[in-house]
Amino acid sequence: MASNLTRRNFLKAASLAAASVPLSKVAARAQSGVVKAPLVAPGSFKDTQTAVGGLCEMCFWRCQLVGKVRDGRLVKLEGNPKSVDNGVSLCARGNAGVAMLYDPDRLKYPLKNVGKRGAPKWQRISWEEALDTCASKLKTIVDRDGAKGLCFFGHGSHAKYLMDFLERTVGTPNVSEASFFQCRGVRDTAYLTTLEIAPDENVDMANAKVIFLTGMHIGENIHLSHVKNYLRGLERGAKLVVVDPRYSASAAKSHIWVPIRPGTDTAMLLAIMNYLIENEKYNVDFVDEYGEGFEEFAEGIKEWTLEKAAAECDVPAAQIKEVADLLAANMPHVAIHPGRHTTWYGTDFQRSRALACLTGLLGAIGCKGGLVIPKKPKGLAKVNWPHLEHEEDIVLRELAEKHYFAPPGAPTELLRDAAITGEPYPIKGCVICGQNIIQCMPNQEKTIKMLEQMEFVLCVDIMPTDSTMYADILLPDCSYLEKGDIVKTGQQWDLSEEPQQYIAPRMALVAPGFERKDSIWITNEIAKRMGYGDKIPAQSQEELADKALAGVNLSLAKIKAEGGIHVQPGEDPYNNIEDLTVYFYSEDMEDEDYPPVPTYTPVERPPEGFVRLVYGRTPLHTFNRTANNPWLVNEAPINPLWVNDKLAARLGLKEGDTIKLVNQDGVTSRTTTTVKVTPGIREDVVYMYHGYGTRNPEMTNAVDRGIDDTSLITRIAVDPESGAHGMRNNFVKIMKAS
Amino acid sequence: MQYGMVIDVDRCVGCHACVIACKAEWEVPTQFDRNWVHRLGPSITSDGMAATYYPGLCNHCAEPPCVPVCPADPVSVTFKDAKTGKTVTMEVGATWKDPFNGTVQVDTERCIGCGACRDACPYNARFVNEALADDHSLGKVDKCTYCMPRVAEGLEPACVQTCLARARIFGDLDDPNSEVSQYVKKGAVGLTSQAVQIGPHGLYFASKKGDRELLMQAAPQEMPKVSMRRSMLTKMSIVAKNQVKEIGLLGLAGGLLVKSLQDDEK
Amino acid sequence: MTAAPTTLDQGNAPAGEDATLSAIYSLLALTMRYPEAASCNEQLFDTLESLLVSLDWSGERAAFQDWRRRSADPLDDLRTAYTRLFINAVPHVTVPPYASVYLDGSGMLQGPTTERTRDFYRAHGYDLASETEPADHLALELDFLAALTSEGRDEAEEVFLRTLFRPWFTRFKERCTQEVRHPFYMVSIQLIDFFTKEEQ
């Protein structure tokens, strides 16, 4: 820069061409002068409007929200006082939705990658160009390779409409939902096989005398009304039994903590059941009435004495007996929790089946405190993409002759292998919506290989997650605060109270900024361009909701006028078990050559010098989904590694030491974390929160914080019955980082 | 009337909702906290393995050490009892204990941001936001106000409202029928220690002995030393700063004054 | 209290100067909007170059000319650069061009500063024509400054610069110094700095 030229001097020079001004002139307001900045925030209740009809999606429990809005700006989120679910409360993530809404790193405009997959160079493009490109690329693949040339990965309510379009109407079978294959699908199919009931987490803890949790760390896992359910049970005097290698948040409130050897839970369950049967302490009448194949079952688990399980599980036989006696003394009012994230070791179908059998053995179904399915409102119209006749209904797992008890969709491992090898057919188009597949599926190298061989990758998301680095076209979705796409229904969480049902459609609390568009609009626009315009079930998100609500003579407008939630009298959920059968012995499974009686398969123990890596949740985050949220990052910036104090002493580790991890395959963590030294975890296992260690620098708050546990889960364990991925079968060495 | 807050740690699940709700309600910058949640344990206590949570906030103490150290020029303020309409007039600095409801409040306008009150608090309940510095201050102090503006509108404090476990109970400790008083009868206590006994009104209830032990270990063990000289220097520097500015020697003089403050900090 | 000798145009500058300044603000606002074919063209580049010549910024001019010469498709080039710097970017973190990110203590959009900025627009007879971008986007603030100066409202301009623009722009510029390599945007940010800062 030269000279002492000042602005003043310069302006005495010649004039220049001016450009147009996009500010519009309006009549000046009465006030004049500078608006003085208030030093103290006025509070969310001052000068704000209350926008109703919000449905949270910071996690997937979907609490009902209101927003406090000042001049178009969302100041605070609160629970909707009309809610019979969460009431006026919200958890930390729900409250932090404001920070998500206004995160400057959030996707804003459609983007095209003019660089490489994995090392993208983004260019903003118009919606027109983006949608045209998506449709033409997808159509080219479908025309050439059939609908099975596409695959879809998605999560959450944002993804459902797009997934249904691709799966039902376009007809691709290659749909792999993380919530099924990397989370809870194995639980549902195991319970369906045993009880013909998909359990979700529907145990009546509020009215139970005993709450039995295996690995279910309620408290670190926050699903708001579920926590209320649990706490009420405790307040009413329920005895809490927690089976967990770690002294989790629920272990801290427990009466009995069973610090079980990881991977051996099924052995303990079989021993409990065997003990109850041998001592006639099980629910004989219930089993007589509803049980099928009980004798074969009893015979099949006879080997599981308390002593045998004690040795396998590394817990005292007396403690297993204590738990069994407690359950027997309080049956049927015992809540045997089915769990949620149940894909642990690749032996999980059998463990879930054991839990379901135990529930049946105790008669804890349909009664106070037991497995009770709430009665949701009926009659909402089903509005969805039509299921078209497809030339061929190719099912990967049938072709592979595997996973006969899989949840809906394609087992992820089969899908990945097919894409990479091109056998039995090529998969060249990939659509990802609201899921970070890089951090969600074990063996990241394989996922990357799968993406790299695609001809076209489309990502729809709200944040630039690791997955989006592989997109060719990246579309900015509206967040749950800026859109309406589903209707949540349910019953009040304490089932012993006066039955009430609720219908809560999601409604936008604020207008989307930038050029974000909701995923229903995006799907419809792509569908039109691909030639499916006449199959569109709803032209807009509002129409989708209104059509569904019309089935019960309601509408968005009506419910908005009611304060955002429609509440009506409900039905008694108890004692609805006339058609129940408990398949202790499953002939269906026998037919497919799987063990017909719940069976324990030991898992590999950690090699010398290694410990097992186990992961879980923190109440501050929903894994990588919230990893960039400044308020949440401030509370939980890193995922410390829980290390047993004796192990730490042997390794020379102290509280707060910075460490790296290297796994059994020699893979080293890219980043570091710190050590939490505690007696509250076994010596053969270490624990950390999942979702950290983001590698995308565009998530400026999240990048490189903590360790990405998925990067160390390279060895895959696929559950044979369901095809779900077990992910607690990798071992690590801890190394001090300077 | 003395407002107080009881935390029932039997119920608390350590979800941090209270921290975020407060942050949203009062637009607290991300790096500061008007309240906090610390995880305690798992550790071995005299009653076996235990783990619990310490949700903390300003205790609006009976003898708040933050009030007498404020060097701002005292002014006369008339307080009014919301219930009875009774008034009382007191000389107060930029922070005081309300004579009627027992809460400790701050006048942000008059605060000079010296940090003396923040340094005086053994619970670290206050912070100074230097981004709000202006011609009269080095920043502005902030802390929990027991949400008095919300309470005045008939609302619960933000943290109480959002708590999904109903683990925060707010009310009048002087009312023997209030829920907080019932908790006192059940044994809820403040986090005090031998050296720190300033009458906190944030009280903790735990039915498990191990949890009680962990909480008492989290109590501050010593009273901080406050540098009165530093707060007086800040006070003087603001006045001197204005005088000097008029003569136009701001750059030079400000440098000298700032340096002397830093020296004092060492 | 404001006896400091540091105001911009003191009181009534000649109308011609105001018109020129307004035009400059508009020009700079243009450089901070997403590049479109209609406005981001040779005429714009020529205009910026002549500004650089008038200011006698020979180093900057050389770099700018060099870029013009070497770039096969300047518009495409600028769109990629703009997206990387101001929308979503790799390999570096973004430089979000919004006041609230730098001033409101949480790094978020739509903070209290955004509210105050919009209130200031309204108090002076302007409001946003569209809700796509928050009120405190750099381009919008420059447009507003163009509007004020076109009406000769120097005092309002000075107050806006001092209380709502410079406090964040200085931090933004610092970040840009680390992140911005593209000659076009280096030039535009330096120009914005020159035309908005206080003169001793």
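Chemist: Give a detailed account of the overall build of chain C, specifying residues and quantitative values.
Modeler: Along the backbone of chain C there are 9 helices and 1 strand. Each helix (α) and strand (β) of chain C, taken in turn from the N terminus, gives the series α-α-α-α-α-α-β-α-α-α. By residue count, 62% of the 200 residues in chain C fall in the buried class. Of all intrachain contacts in chain C linking residues separated by at least 6 positions in sequence, the fraction that spans at least 24 positions is 65%. Put simply, chain C shows about 7400 Å² of open surface, and 50% of that area lies on carbon and sulfur atoms.

Chemist: So, the interface of chain B and chain A: which residues are in play, and what are the values?
Modeler: Accessible area lost upon the coming together of the parts is a frequently used measure of interface size. Counting from both sides, the interface comprises 45 residues of chain B and, opposite them, 50 residues of chain A. Taken over both partners, the interface formed by chain B and chain A buries close to 3700 Å², and the fraction arising from carbon and sulfur atoms is 56%. On the chain B side of the interface with chain A, the three residues burying the most area are Ile 20, Arg 39 and Leu 164 of chain B, jointly 17% of the side's total. In this assembly, chain B and chain A are joined by 8 salt bridges. For the pair chain B and chain A, the number of links is 20 residue pairs in polar contact (both at pLDDT 80 or more).

Chemist: Tell me what's going on with the sheet that holds strand 11 (residues 202–205) of chain B, and back it up with residues and numbers.
Modeler: Residue and element names in this part refer to chain B. Pairing in this open sheet of 3 strands is mixed, and the strands run 10-1-11 from one edge to the other. Each end of this open sheet is capped by a strand with a single partner; those strands are strand 10 (168–172) and strand 11. Averaged over all pairs of adjacent strands, the angle between their axes in this sheet comes to 25°, without regard to strand direction. Both strand 1 (residues 3–8) and strand 10 contribute to a ladder of 5 bridges, which runs antiparallel. When the bridges of strand 10 are listed, Met 5 appears paired with Phe 170.

Chemist: Mind laying out empty space enclosed by the protein, listing which residues take part and the relevant values?
Modeler: Residues and elements named next belong to chain A. A complete count under the given rule lists 11 cavities of 30 Å³ or more for this structure. Empty space within the largest cavity amounts to approximately 200 Å³. Contributing to the lining of the largest cavity are 19 residues, with Gly 215, Asp 244, Pro 245, Val 614 and Arg 728 lying nearest its centre. Contributing elements (two or more residues each) for the lining of the largest cavity: strand 20 (611–616) and strand 24 (685–689).

Chemist: Could you give an account of the side chain of Asn 35 of chain B, with specific residues and numbers?
Modeler: Turning to its location among the elements, Asn 35 of chain B is positioned in strand 2 (residues 35–45). Polar side-chain contacts of Asn 35 of chain B include one of 3.2 Å to the backbone oxygen of Cys 18 of chain B.

Chemist: Go over the state of the cysteines, please, and point to the residues and values.
Modeler: Residue and element names in this part refer to chain A. Following the criterion strictly, the structure yields 0 disulfides over all chains and no others. Free cysteine Cys 63: the closest other cysteine sulfur is in Cys 56, separated by 6.2 Å. Judged by relative accessible area, Cys 63 falls into the buried class, the value being 9%. Cys 59 supplies the cysteine sulfur nearest to Cys 91, a cysteine that is in no disulfide, at a spacing of 6.2 Å. Classification of Cys 91 by relative accessible area gives buried; the value is 10%.

Chemist: Can you tell me about the sheet that holds strand 13 (residues 429–433) of chain A, naming the residues and giving the values?
Modeler: Residue and element names in this part refer to chain A. Read from one edge of the open sheet, 6 strands run 6-5-15-14-13-7, paired in mixed fashion. With one partner strand each, in any of the chains shown, strand 6 (122–124) and strand 7 (150–154) form the two edges of the open sheet. Taken pair by pair, the neighbouring strands of this sheet meet at an average axis angle of 20°, ignoring direction.

Chemist: Account for the packing of aromatic side chains, with residues named and values stated.
Modeler: Aromatic ring pairs: the centre-centre distance and the angle between the two ring planes describe each pair. Residue and element names in this part refer to chain A. Scanning the entire structure with this criterion turns up 53 aromatic pairs over all chains. Taking the centre distance of 6.5 Å and the plane angle of 35° together, the rings of Tyr 689 and Tyr 692 count as tilted. With a relative accessible area of 11%, Tyr 689 lands in the buried category. Judged by relative accessible area, which is 7%, Tyr 692 ranks as buried. The ring of Trp 642 has Lys 676 sitting right over it, with the charged end atom 5.0 Å from the ring centre.

Chemist: Give me the lowdown on unusual backbone geometry, citing residues and values where you can.
Modeler: That bond from Met 331 of chain A to Pro 332 of chain A is cis: its omega, 5°, falls within 30 degrees of zero. Along the chain, the position of Pro 332 of chain A falls in the loop between helix 12 (317–330) and strand 12 (334–336). Of note, the amide linkage connecting Gly 41 of chain B to Pro 42 of chain B takes the cis form, showing an omega dihedral of 5°. Checked against the element boundaries, Pro 42 of chain B lands in strand 2. Even without a glycine there, the phi angle at Asp 200 of chain A is positive, about 45°. Mapped onto the elements of the fold, Asp 200 of chain A is located in the loop between helix 6 (178–195) and strand 8 (210–214). In this structure Asp 200 of chain A comes out as partly exposed when scored by relative accessible area, which is 34%. With a phi angle near 65°, Asp 593 of chain A is a residue other than glycine that sits in the positive phi range. Its place among the elements puts Asp 593 of chain A in the loop between helix 21 (587–591) and strand 20. On the basis of relative accessible area, Asp 593 of chain A is assigned to the exposed category, the value being 72%.

Chemist: Hey, could you go over the confidence of the model for chain C for me, with residue numbers and the actual values?
Modeler: Residue and element names in this part refer to chain C. Mean pLDDT over chain C: 85, with 88% of residues reaching 70 or higher. Averaged over each element, pLDDT in chain C is lowest for helix 1 (residues 15–31) (81) and highest for helix 9 (residues 183–196) (94). Note that residues 1–12 has pLDDT below 50 and, in this model, 23 contacts with residues that lie over four places away or in other chains. Overall fold confidence for the complex sits at a pTM of 0.89, while the interface term, ipTM, reaches 0.91.

Chemist: I'd love a proper account of the packing of helix 5 (residues 157–170) of chain A against helix 18 (residues 519–529) of chain A, names of residues and values included.
Modeler: Residues and elements named next belong to chain A. It is at 8 Å that the axes of helix 5 and helix 18 come closest, and there the two elements cross at 20°. Judged by the angle between their axes, helix 5 and helix 18 are roughly parallel. Read as a crossing pair, helix 5 and helix 18 show a hand that is right-handed. In this structure, helix 5 uses His 158, Tyr 161, Leu 162 and Phe 165 to contact helix 18, whose residues at the interface are Ser 519, Ile 520, Thr 523, Asn 524 and Ala 527. In the contact of helix 5 with helix 18, the residues fall into 5 nonpolar, 4 polar and no charged.

Chemist: Please provide a residue-by-residue account of the environment of Asn 575 of chain A, values included.
Modeler: Along the chain, the position of Asn 575 of chain A falls in the loop between strand 18 (566–569) and strand 19 (582–583). Residue Asn 575 of chain A is classed as exposed on the basis of its relative accessible area, which comes to 54%.

Chemist: So what about the packing of helix 6 of chain A against helix 13 (residues 348–361) of chain A? Which residues, and what values?
Modeler: All names here are of chain A. Contact geometry for helix 6 and helix 13: axes closest at 8 Å, N-to-C directions at 45°. In this view, helix 6 runs oblique relative to helix 13, as classed from their interaxial angle. Crossing of helix 6 against helix 13: the hand is right-handed. Residue-level contacts link Val 186, Arg 187, Thr 189, Ala 190, Tyr 191, Thr 193, Thr 194 and Leu 195 of helix 6 to Asp 348, Phe 349, Ser 352, Arg 353, Leu 355, Ala 356, Cys 357 and Thr 359 of helix 13. Its residues assigned to classes, the contact of helix 6 with helix 13 shows 8 nonpolar, 5 polar and 3 charged.

Chemist: Provide a residue-level description of the environment of Asn 553 of chain A, including the pertinent values.
Modeler: Its location among the elements puts Asn 553 of chain A in the loop between helix 19 (541–550) and helix 20 (556–561). The exposure class of Asn 553 of chain A is exposed, given its relative accessible area of 62%.

Chemist: Give me the pattern of salt bridges: which residues, what numbers.
Modeler: Applying the stated criterion across every chain, the model contains 80 salt bridges over all chains. Between Glu 25 of chain B and Lys 76 of chain A there is a salt bridge whose closest N-O contact spans 2.8 Å. One end of the pair, Glu 25 of chain B, is in helix 1 (residues 17–25); the other, Lys 76 of chain A, is in strand 4 (residues 73–79), on a second chain. The exposure class of Lys 76 of chain A is buried, given its relative accessible area of 2%.

Chemist: So what's going on with the confidence of the model for chain B? Residues and values would help.
Modeler: Residues at a pLDDT of 70 or more form 85% of chain B, whose mean pLDDT is 88. Segment residues 244–266 of chain B is flagged for pLDDT under 50; beyond a separation of four residues in sequence, or across chains, it makes 19 contacts in the model.

Chemist: With reference to specific residues and values, describe helix 6 (residues 112–123) of chain C.
Modeler: Its 12 residues give helix 6 of chain C an end-to-end C-alpha distance of 16 Å, which sits within 8% of 16 Å, the value for a rise of 1.5 Å per residue. Within helix 6 of chain C, 9 of the 12 residues are buried, which leaves the element mostly enclosed by the surrounding structure. For helix 6 of chain C, the set of buried residues is Thr 113, Thr 114, Glu 115, Thr 117, Arg 118, Phe 120, Tyr 121, Arg 122 and Ala 123 of chain C. The inward-facing, buried residues of helix 6 of chain C contact strand 3 (64–70) and strand 4 of chain A together with helix 5 (99–103), strand 1 (126–128), helix 7 (138–150) and helix 8 (154–179) of chain C.

About the thresholds
- Residues numbered from 1 in each chain as written.
- Chains lettered and ligands numbered in written order.
- Predicted model: local features only at pLDDT ≥ 70, side-chain atom pairs only at ≥ 80, totals over all residues.
- Heavy atoms only, no water.
- Helix = DSSP H or I, 4+ residues; strand = E, 2+ residues; numbered from the N terminus.
- Buried < 20%, exposed > 50% of the residue type's maximum accessible area, 1.4 Å probe, protein only.
- Contact = heavy atoms within 4.5 Å.
- Areas by Shrake-Rupley, 256 points an atom, 1.4 Å probe, with all protein chains shown as cover.
- Buried area = accessible area lost by both parts, 1.4 Å probe.
- Salt bridge = Lys/Arg side-chain N within 4 Å of Asp/Glu carboxyl O.
- Polar contact = N/O pair within 3.5 Å; in protein donor to acceptor, adjacent residues only side chain to side chain.
- Pairing = 2+ DSSP bridges.
- Axes fitted to C-alpha atoms, helices over the stretch in contact; angles between N-to-C directions.
- 1 Å grid on protein atoms, 1.4 Å probe; cavity = no way out; pocket = protein on both sides within 12 Å on 5 of 7 lines; lining within 4 Å.
- Points joined across faces, edges and corners; volume = space filled by probe spheres on them.
- Disulfide = S-S within 2.5 Å.
- Phe/Tyr/Trp six-rings, centres within 6.5 Å; stacked < 30°, edge-to-face > 60°.
- Lys NZ or Arg CZ within 6 Å of the ring centre and 35° of its normal.
- pLDDT = per-residue confidence, 0-100.
- Parallel < 35°, antiparallel > 145°, perpendicular 65-115°, else oblique.
- Left-handed = near helix turned anticlockwise from the far one by under 90°.
- Nonpolar A, V, L, I, M, F, W, Y, C, P; charged D, E, K, R; others polar.
- Expected span 1.5 Å × (residues − 1).

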